[in-house]
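Take a look at the letters that make up each chain.
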Amino acid sequence: MEKRSFLSVLCLLLAVHCTAFIHRDAIIPACAVGAACLAASCVKILSTGDECLVERLGQFNRKLGPGIHFIFHPFESISFYETIREQVLDVPPQECFSLDNAPITADAIVYLKIVNMHDACYKVFNVKNAVKNLCLTRVREEIGSITLEEAFSSRSALNKSLLHSLNDVCMDWGIQITRVEIQHLQPSQEILRALESQIAADRQKRASILQSEGEKSKLINEAEGHAAALVKDAEAKKTSLIMSSQAEAERQRLEAEGIKVAIETIAKAIEKDNDPQTSAIKESVQFLRLKQYLETQGKFSESSSTKVLMFPSQENVPYNVHSLIQ
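Residues numbered from 1 in each chain as written. Predicted model: local features only at pLDDT ≥ 70, side-chain atom pairs only at ≥ 80, totals over all residues. Heavy atoms only, no water.

- Under the annotation held in an unreviewed UniProt entry, the protein chain carries the name Band 7 domain-containing protein and is attributed to Chaetoceros tenuissimus.
- For the protein chain, the Sequence similarities (unreviewed entry) comment in UniProt is given as "Belongs to the band 7/mec-2 family." (UniProt positions renumbered as here; feature names shortened; annotations may be inferred.)

Set out below in structure tokens:
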């Protein structure tokens, strides 16, 4: 800005010097041209989102916002011209050491905004360079206060801590830090190989745990299934025994009823030949016993392990029954 005012003054002096060699009638137009050039150099147009500071005779005079303005050269000059929009400042990578003495290369991006143009100009020299150096220092301090594992696992907390610590200083410079982002955290090759080995071991450990849990669940499910099958089988056997016993009881009842009917029938048949009722009942009972004995011997004969069968002799058979059989 000072160079531009110096050129405007030089043009005015040249215009005045040239008028000495110009005809007297051309002095007025030459002066008019010089005045126009001087007036044009005093006009300053600012875009929306930009501001500048004006000094008069080396002392701060006023702040200019967007629009058209007049600066009276050479008595006034623009001392600071900057945008009030959010800006991005790239912090170069640097080597840091964590709390456990692990070397890490870290870089960051800082988003800043000028909120007080006067403080940004007069409270610090080259405010962007000051913010960058401050960020470099704070990144080293923050990484040095945490371990290597925490630096990778809690990057958001690291960004928040950097944001608060930077704003504590930059607000006095008229700068507001809106966001800080750690871009890269690159450990050394030895640390990187160690981390890879640790990650591989952790993954293998988790895989082993998952596999053992799967085997455990499998065994539990198989045991529960086997127990349920045993319970169902026991219930089925119980039901089968109950039904078998009920069927056997029913069979025995029916058989007893049949035997009773048979005894009564035989007794009635024998009563036709013999008058005494008692002897007829006894003989009918003996006949039924012989019948059951023969049926039992027939069942024994069906077995492959039976070798000898015993049959009643004629002397053992009652007379009346023997006569009936013949």
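### Topic: the overall build of the protein chain
Phase 1: Each helix and strand in the protein chain was counted, giving nine helices and eight strands.
Phase 2: A burial count over the protein chain gives 28% of its 326 residues as buried.
Phase 3: The contacts of the protein chain with a sequence gap of at least 6 include a subset with a gap of at least 24, amounting to 60%.
Phase 4: Carbon and sulfur atoms provide 58% of the accessible area of the protein chain, an area that totals close to 22,300 Å². (Helix = DSSP H or I, 4+ residues; strand = E, 2+ residues; numbered from the N terminus. Buried < 20%, exposed > 50% of the residue type's maximum accessible area, 1.4 Å probe, protein only. Contact = heavy atoms within 4.5 Å. Areas by Shrake-Rupley, 256 points an atom, 1.4 Å probe, with all protein chains shown as cover.)

### A closer look at a negative patch on the surface
Phase 1: Together, Asp-100, Glu-149, Glu-150 and Asp-202 make up a negatively charged patch on the protein surface.
Phase 2: Following the sequence through the fold, Glu-150 ends up in helix 5 (residues 148-153).
Phase 3: Residue Glu-150 is classed as partly exposed on the basis of its relative accessible area of 37%. (Patch = residues over 30% accessible without salt bridge, like charges linked within 9 Å, V, L, I, M, F, W, Y side chains within 5 Å. Salt bridge = Lys/Arg side-chain N within 4 Å of Asp/Glu carboxyl O. Lys, Arg positive; Asp, Glu negative; His and termini not counted. Charge placed at Lys NZ, Arg CZ, Asp CG, Glu CD.)

### Overview of the nonpolar core
Phase 1: Among the nonpolar cores identified, the biggest contains 37 residues, and Val-131, Val-139, Ile-143, Trp-173, Ile-175 and Ile-177 are the most heavily contacted of them.
Phase 2: Considering each element in turn, this core owes the most residues, eight residues, to helix 4 (residues 127-144).
Phase 3: Sequence-distant contacts of Val-131, that is, excluding residues within four places in its chain, are made with Leu-89, Val-110, Leu-112, Cys-170, Trp-173, Ile-175 and Ile-177.
Phase 4: If you look at the next biggest cluster of nonpolar residues, it comprises six residues, including Leu-46, Cys-52, Val-54 and Ile-78. (Core = buried A, V, L, I, M, F, W, Y, C linked by side-chain atoms within 4.5 Å.)

### Focus: unusual backbone geometry
Phase 1: Of note in this structure, Leu-57 is not a glycine but carries a positive phi near 55°.
Phase 2: With respect to the element layout, Leu-57 can be found in the loop between strand 2 (50-56) and strand 3 (59-64).
Phase 3: If you check the backbone angles, Asn-101 has positive phi at about 60° while not being a glycine.
Phase 4: By the secondary structure assignment, Asn-101 is in the loop between strand 6 (87-97) and strand 7 (103-114).
Phase 5: The exposure class assigned to Asn-101 is exposed, which follows from its relative accessible area of 64%.

### Some points on the packing of helix 4 against helix 6 (residues 155-170)
Phase 1: Close contact between helix 4 and helix 6 brings their axes to 10 Å; oriented N to C, the two are set at 135°. One element, helix 4, and the other, helix 6, form an angle in the oblique class. Our pair here, helix 4 against helix 6, has a crossing hand that is right-handed. Residue-level contacts link Val-131, Leu-134, Cys-135, Arg-138, Val-139, Glu-142 and Ile-143 of helix 4 to Leu-158, Ser-161, Leu-162, Ser-165, Leu-166, Val-169 and Cys-170 of helix 6.
Phase 2: Each residue belonging to the contact of helix 4 with helix 6 can be placed in one class, and the counts come to 10 nonpolar, two polar and two charged. (Axes fitted to C-alpha atoms, helices over the stretch in contact; angles between N-to-C directions. Parallel < 35°, antiparallel > 145°, perpendicular 65-115°, else oblique. Left-handed = near helix turned anticlockwise from the far one by under 90°. Nonpolar A, V, L, I, M, F, W, Y, C, P; charged D, E, K, R; others polar.)

### Points about the environment of Gln-186
Phase 1: Its location among the elements puts Gln-186 in strand 8 (residues 175-187).
Phase 2: Residues Gln-186 and Ile-104, 82 residues apart in the sequence, show an inter-C-alpha distance of 5.5 Å.
Phase 3: With sequence-adjacent residues up to four places away left out, Gln-186 is seen in contact with Pro-103, Ile-104, Thr-105 and Leu-192.

### Description of the environment of Glu-190
Phase 1: With respect to the secondary-structure elements, Glu-190 resides in helix 7 (residues 189-271).
Phase 2: By relative accessible area, Glu-190 is classed as exposed at 51%.
Phase 3: Residues Glu-190 and Pro-103, 87 residues apart in the sequence, show an inter-C-alpha distance of 9.8 Å.

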